[in-house]
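# Descriptive analysis of the structure
Take a look at the letters that make up each chain.
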Amino acid sequence: MSQLLILAAEGEAENPLIPPIPELVIGLIAFVVVFGFLAWKLLPNINKVLEERREAIEGGIEKAEAAQTEAQSVLEQYKAQLAEARHEAARLRQEAQEQGATLIAEMRAEGQRQREEIIAAGHAQIQADRKAAASALRQDVGKLATDLAGKLVGESLEDHARQSRVIDRFLDELEDKATTAEATR
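The shown structure was predicted, so the numbers you read here are calculated from the model rather than taken from an experiment.

### What about the overall build of the protein?
Broken down by element type, the protein carries 3 helices and 0 strands. In sequence order, the protein lays out its α and β elements as α-α-α. When the 185 residues of the protein are sorted by exposure, 3% land in the buried category. Surface summary for the protein: the accessible area is close to 16500 Å², and the carbon and sulfur share equals 63%.

Here is the structure:
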C-alpha cells in the first residue's frame, strides 16, 4: 500500500492535465488583463457596430414597408387608371356605334333620295320620249292620212293649216276612243 501511495503521489505530480498553481494564477491574471483591455477598447466599438447594424436593419425594414406601401398605392392608382381607360374605351365604342348607326341611316336616306331622283328623272325621260314619239307618230299618221284622203278625194290637201286641223281632229278622236276603252276595262 505504501508503494501505491508513492506511485499515486508521483502520478499526481506528473499529470499533464493539472497545471501547477503558480502557473494557474499567472494565467488567470493575464487572462483578466487581456479581457479587461479588450472590453475597454474593443467592446465599445463592437457595440457601436452592432447598434449601427441594428439601426440599418430596422431602417431597411421601415424603408421596405414604405416602399411596399408606395407600391400598393401605385398599384391602386394603376388599377383606377385602367378601370377609367376601360370605361373610356367602352364609351368611345358606344359613341362609334351610335355614329355608325347615324351614318348608315343618313346613307340610306341619301340612297333613297337618289333612287327617287333617278326614278323621277326616268319617268320624266319616258314622258318626254312618249310625247316625242306621239308627236312623230302624229305627223307620220297625219301625212299618211292626208295622202290617203287626197287620193280618195282626188284633190291635193296641201294646205298646211287645213291639213293640221284635220289631222289634229282625227287624232283627238282616236285618243278619246282609246281613253274610253281603257276606262271601261
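### Describing a nonpolar patch on the surface
Taken together, the side chains of Val 34, Phe 37, Leu 38, Trp 40, Leu 42, Leu 43, Ile 46 and Leu 50 make up a nonpolar region of the molecular surface, amounting to roughly 790 Å² of accessible area. For Leu 38, a relative accessible area of 38% corresponds to the partly exposed category.

### A closer look at the pattern of salt bridges
Any two side chains of opposite charge can pair, given that their charged atoms come close. According to the stated counting rule, one finds 6 salt bridges in the structure shown. A salt bridge links Glu 110 to Arg 113; the shortest N-O distance between them is 2.3 Å. Of this pair, Glu 110 and Arg 113 both sit in helix 2 (residues 21-153), 3 residues apart, roughly one helical turn. Note that Arg 113 and Glu 117 form a salt bridge whose closest N and O atoms lie 2.2 Å from each other. Highlighted residues: Arg 113 and Glu 117, both in helix 2, separated by 4 residues, approximately one helical turn. Classification of Glu 117 by relative accessible area gives partly exposed; the value is 44%. Here the salt bridges do not stand alone but share partners, grouping Glu 51, Arg 54 and Glu 58 into one network.

### Some words on the packing of aromatic side chains
Inspection of the entire model under this criterion finds 2 aromatic pairs. Relative to Phe 35, the ring of Phe 31 has its centre 6.0 Å away and its plane inclined at 20°; by these criteria the two rings are stacked. Separated by 4 residues within a single helix, Phe 31 and Phe 35 lie in helix 2, roughly one turn from each other. Note on accessibility: Phe 31 and Phe 35 belong to one class, exposed. With 6.3 Å between their ring centres and 55° between their planes, Phe 37 and Trp 40 make a pair best called tilted. Highlighted residues: Phe 37 and Trp 40, both in helix 2, separated by 3 residues, approximately one helical turn.

### Comments concerning the environment of Thr 184
For Thr 184, the position within the fold is in helix 3 (residues 160-184). Polar side-chain contacts of Thr 184 include one of 2.8 Å to the backbone oxygen of Ala 181.

### Some words on the environment of Arg 138
Within the secondary structure, Arg 138 sits in helix 2. Taking the C-alpha atoms as reference points, Arg 138 and Ile 167, 29 residues apart in sequence, are found 7.7 Å from one another. Sequence-distant contacts of Arg 138, defined by excluding residues within four places in its chain, comprise Ile 167, Asp 168, Leu 171, Asp 172 and Glu 175.

### Details of the confidence of the model for the protein
Taken over all residues, the pLDDT of the protein has a mean of 83, while the share at 70 or more is 84%. No element of the protein has a lower mean pLDDT than helix 1 (residues 2-13), at 53, and none a higher one than helix 2, at 88.

Conventions used here
- Residues numbered from 1 in each chain as written.
- Predicted model: local features only at pLDDT ≥ 70, side-chain atom pairs only at ≥ 80, totals over all residues.
- Heavy atoms only, no water.
- Helix = DSSP H or I, 4+ residues; strand = E, 2+ residues; numbered from the N terminus.
- Buried < 20%, exposed > 50% of the residue type's maximum accessible area, 1.4 Å probe, protein only.
- Areas by Shrake-Rupley, 256 points an atom, 1.4 Å probe, with all protein chains shown as cover.
- Patch = residues over 30% accessible without salt bridge, like charges linked within 9 Å, V, L, I, M, F, W, Y side chains within 5 Å.
- Salt bridge = Lys/Arg side-chain N within 4 Å of Asp/Glu carboxyl O.
- Phe/Tyr/Trp six-rings, centres within 6.5 Å; stacked < 30°, edge-to-face > 60°.
- Polar contact = N/O pair within 3.5 Å; in protein donor to acceptor, adjacent residues only side chain to side chain.
- Contact = heavy atoms within 4.5 Å.
- pLDDT = per-residue confidence, 0-100.

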